[in-house]
Amino acid sequence: SVMLISSMSASAMASDSVFTVKTQLLYPANGTSNIESFMENAKAIRVLSTLSKDNFTVKSIKINGWASPEGSAVYNKTISAKRAATIERILKNRYDFPNEVYSVEGKGEQWDNIYGLVNSEDQIIEKYREKFSAALDIENMDARETAMKKIGNGELWRYLLKNVFPASRYADCEVEFNYDKIDEADAKELGIEIKPEPVPEPVVEAEPIVEEVAEAPVEEVPPMPDLSDPNKMMSPDDIAALLANMG
């Protein structure tokens, strides 16, 4: 399986963001090699081939190997380490990622899938829930396995072998990377959603604001008398009134 676990949306051009893609390659029971065509492993490897292109820069490759709980804890630790080493070898044989980006470790038994069943509504789990939970509380992994095998005369253990343990036999590969540019095909392969480049909005110039100024009222000035006509001479009272209006 393949999943992008960070930065789902990005620009198609150079990105300073660091993306993380995680692939998981499954193994058959007791298998440690020749897994390229097993289940969906070919797809997981193909995703890593995308990151080998020149426009990508791989910053780290973290590989963890895992084993299902059947068998001794020591044996399963060894198997998990071999599974992690197999993925490292496949990548180094196919691609030119720098040696210093690799981190490889065998993690031993994978119990997370089993712990996740505690609240399951599956009929078998419902039937043995109390004993199942008590067995999971046992710290020593070998003693935990022995206790589980006894539940229901092995009915619970047979259920786990068939339905749960196959998904616990794998190696995961977590790759951190960024890119100079990315096309639609590679983005789809890696699960990256390309954001469209923003289109600048047109600049609209604001119209000048013209303020209307009210005109001051014009005061009417009485006409000046015609002083050349003796009949139109003003009396002292008229002159005083005229001067008052002009003032």
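Residues numbered from 1 in each chain as written. Predicted model: local features only at pLDDT ≥ 70, side-chain atom pairs only at ≥ 80, totals over all residues. Heavy atoms only, no water.

### With respect to the packing of aromatic side chains
How two aromatic rings sit relative to each other is set out by the distance from centre to centre and by the angle between their planes.
Part 1 of the argument: For the structure shown, the criterion picks out seven aromatic pairs.
Part 2 of the argument: Each ring, one from Phe56 and one from Tyr179, has its centre 6.3 Å from the other, and the planes form 70 degrees; the classification is edge-to-face. With Phe56 in strand 4 (residues 56-67) and Tyr179 in strand 6 (residues 170-179), the pair connects residues that are 123 residues apart, well separated along the chain. Exposure class is identical for Phe56 and Tyr179. Each is buried.
Part 3 of the argument: With a centroid separation of 5.6 Å and an interplanar angle of 50 degrees, the aromatic rings of Tyr95 and Phe97 are classed as tilted. The residues Tyr95 and Phe97 share a single accessibility class, namely buried.
Part 4 of the argument: Members of the aromatic cluster, joined through ring pairs, are Phe19, Phe56, Phe177 and Tyr179. (Phe/Tyr/Trp six-rings, centres within 6.5 Å; stacked < 30°, edge-to-face > 60°. Helix = DSSP H or I, 4+ residues; strand = E, 2+ residues; numbered from the N terminus. Buried < 20%, exposed > 50% of the residue type's maximum accessible area, 1.4 Å probe, protein only.)

### Structural notes on the confidence of the model for the protein chain
Atom-level detail of predicted coordinates should not be read off regions where pLDDT is low.
Part 1 of the argument: A residue-level look at the protein chain finds 76% of positions with pLDDT of 70 or above and a mean pLDDT of 83.
Part 2 of the argument: Per-element averaging of pLDDT across the protein chain places strand 2 (residues 9-10) at the bottom with 48 and strand 5 (residues 102-109) at the top with 97. (pLDDT = per-residue confidence, 0-100.)

### Examining the pairing of strand 6
Part 1 of the argument: The buried count for strand 6 comes to eight of ten residues, which makes it a mostly enclosed element.
Part 2 of the argument: In this structure, strand 3 (residues 19-26) lies alongside strand 6, joined through eight bridges in antiparallel fashion. Bridging from a neighbouring strand, Gln24 pairs with Asp172 of strand 6.
Part 3 of the argument: Pairing geometry for strand 4 and strand 6, over nine bridges, is antiparallel. Opposite Phe56, over in strand 6, you have Tyr179 as the bridge partner. (Pairing = 2+ DSSP bridges.)

### Examining the nonpolar core
Part 1 of the argument: Core analysis: the biggest nonpolar cluster contains 31 residues, and Leu51, Ile61, Ile87 and Leu91 have the highest contact counts within it.
Part 2 of the argument: Of all the secondary-structure elements, those providing two or more residues to this core are strand 3, helix 1 (41-50), strand 4, helix 2 (73-94), strand 6 and helix 7 (184-190).
Part 3 of the argument: Here this core gets five residues from one element, more than from any other, and that element is strand 6.
Part 4 of the argument: When sequence neighbours within four positions are dropped, the list of residues in contact with Ile87 reads Leu25, Tyr27, Ile35, Ile63, Ala171 and Cys173.
Part 5 of the argument: Ile114, Leu117, Phe132 and Val164 belong to the second largest nonpolar core, which has 17 residues in total. (Core = buried A, V, L, I, M, F, W, Y, C linked by side-chain atoms within 4.5 Å. Contact = heavy atoms within 4.5 Å.)

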